[in-house]
Amino acid sequence: MALGFEDIKQHIGSRVAWDDRTDLFTPEAARAIRAKVEERTVLVFPGANLTDAEQLAITDAMGEKVRLTARNNVQSNDEDVYQVTLDEKINPQPEYVLGTFFWHMDGITVDMPPPFATLLSCRIAPDRGGETEFASTYAAYEGLPEEEKRALEGLKAVHSVRASLSPIADAIPEKHREKVLGIGLVKEHPLVWTHESGRKSMVIGTTADHIVGMEVPAGRAMLIRLQEWAAQPAFSLRHKWSQGDFVIWDNTGAMHRAVPYDKSTGRMMHRTSIAGTEAVAA
């Protein structure tokens, strides 16, 4: 096969190389890419310069696509490719994008299995800020002491968009604050997700508001400690975007966040998602 993979860090990330650009669009490539995403959590394709049609072709080849879009976006491109931007001409309610400045997993508060993977192409890269950080909750769980692993078994957290946007709630215009905060469902998920493969990851991030059956201060402190543990350098990486870069990550085993940037930079990402095949399970 004409694709090559180079590990970026010990526990997370691989950089993808190819001999010919057409090598990215074969069925063999789709299988290899999906397997490597499951193994390494994050794949970086430097300078792939994909069109929307090409990104959708890779998405479809890897699995069934799913739409995770905010209805308020006024975009002119394919509706299956969501434009992530603070440009108010396209996104008149940018609060959801501002919420991505904080650690989160996609699709945790919707009534379907969380997306298996998120695919992101950089169309406009800011000069300063706007990097995307990833933290493997697979590697973070595996790195916990056995006593802490046992302590997490059986615990559930309550997730909501309201919780994820709480850091910026006072910045949301009051006239539509409740509408924005109330989107999505309130969902309970196990802290530790035992996948059909037998591997375990943690379901954490700012959507996690509190732990069922635990006093709120203690539960929130635990959730923050787990975020901090997963975000340590051993289990995380930061990608500095250049125009044309393409990244795929395993959404079922990683948190991600954007480094804050000014909307005047015009930062623009095109996102597609691959449907999940399994619900969160203990």
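Source: prediction; values computed, not measured.

**Side note on the overall build of the protein chain**
1) Next: Counting secondary structure elements, the protein chain contains eight helices and 16 strands.
2) Next: A globule of 282 residues ought to have a C-alpha radius of gyration of about 19 Å, and the protein chain, at 18 Å, matches this closely.
3) Next: Across its three principal directions, the C-alpha atoms of the protein chain cover 55 × 45 × 30 Å.
4) Next: Contacts in the protein chain between residues far apart in sequence, at least 24 positions, make up 79% of those at least 6 positions apart.
5) Next: By element, 51% of the accessible surface of the protein chain is carried by carbon and sulfur atoms, the whole surface being about 13000 Å².
6) Next: Within the protein chain, one finds 31 positive and 40 negative side-chain charges whose respective centroids are separated by 3 Å.

**A few points about helix 8 (residues 216-230)**
1) Next: The end-to-end C-alpha separation of helix 8 is 21 Å, in line with the 21 Å expected for 15 residues at 1.5 Å each.
2) Next: The set of residues buried in helix 8 consists of Gly219, Met222, Leu223, Leu226, Gln227 and Ala230. All buried residues of helix 8 lie within an arc of 135° about the axis, which places them on one face of the element. Projecting away from the buried face of helix 8 at angles above 90 degrees are the exposed residues Pro217, Arg225 and Glu228.

**Some remarks on the sheet that holds strand 7 (residues 132-136)**
1) Next: Read from one edge of the open sheet, three strands run 13-7-15, paired in antiparallel fashion. Either end of the sheet is taken by a strand with one partner, and the two such strands are strand 13 (236-239) and strand 15 (254-258). Geometrically, the sheet is characterised by an average inter-axis angle of 15° between neighbouring strands, direction not taken into account.
2) Next: Bridge count for strand 7 against strand 13 is four bridges, and the pairing is antiparallel. Paired with Glu133 across the two strands is Arg238, which belongs to strand 13.

Conventions we followed
Residues numbered from 1 in each chain as written. Predicted model: local features only at pLDDT ≥ 70, side-chain atom pairs only at ≥ 80, totals over all residues. Heavy atoms only, no water. Helix = DSSP H or I, 4+ residues; strand = E, 2+ residues; numbered from the N terminus. Rg over C-alpha atoms; globule rule 2.2 N^0.38 Å. Contact = heavy atoms within 4.5 Å. Areas by Shrake-Rupley, 256 points an atom, 1.4 Å probe, with all protein chains shown as cover. Lys, Arg positive; Asp, Glu negative; His and termini not counted. Charge placed at Lys NZ, Arg CZ, Asp CG, Glu CD. Expected span 1.5 Å × (residues − 1). Buried < 20%, exposed > 50% of the residue type's maximum accessible area, 1.4 Å probe, protein only. Arc of directions from axis to C-beta. Pairing = 2+ DSSP bridges. Axes fitted to C-alpha atoms, helices over the stretch in contact; angles between N-to-C directions.

Geometric values such as these leave the question of function open.
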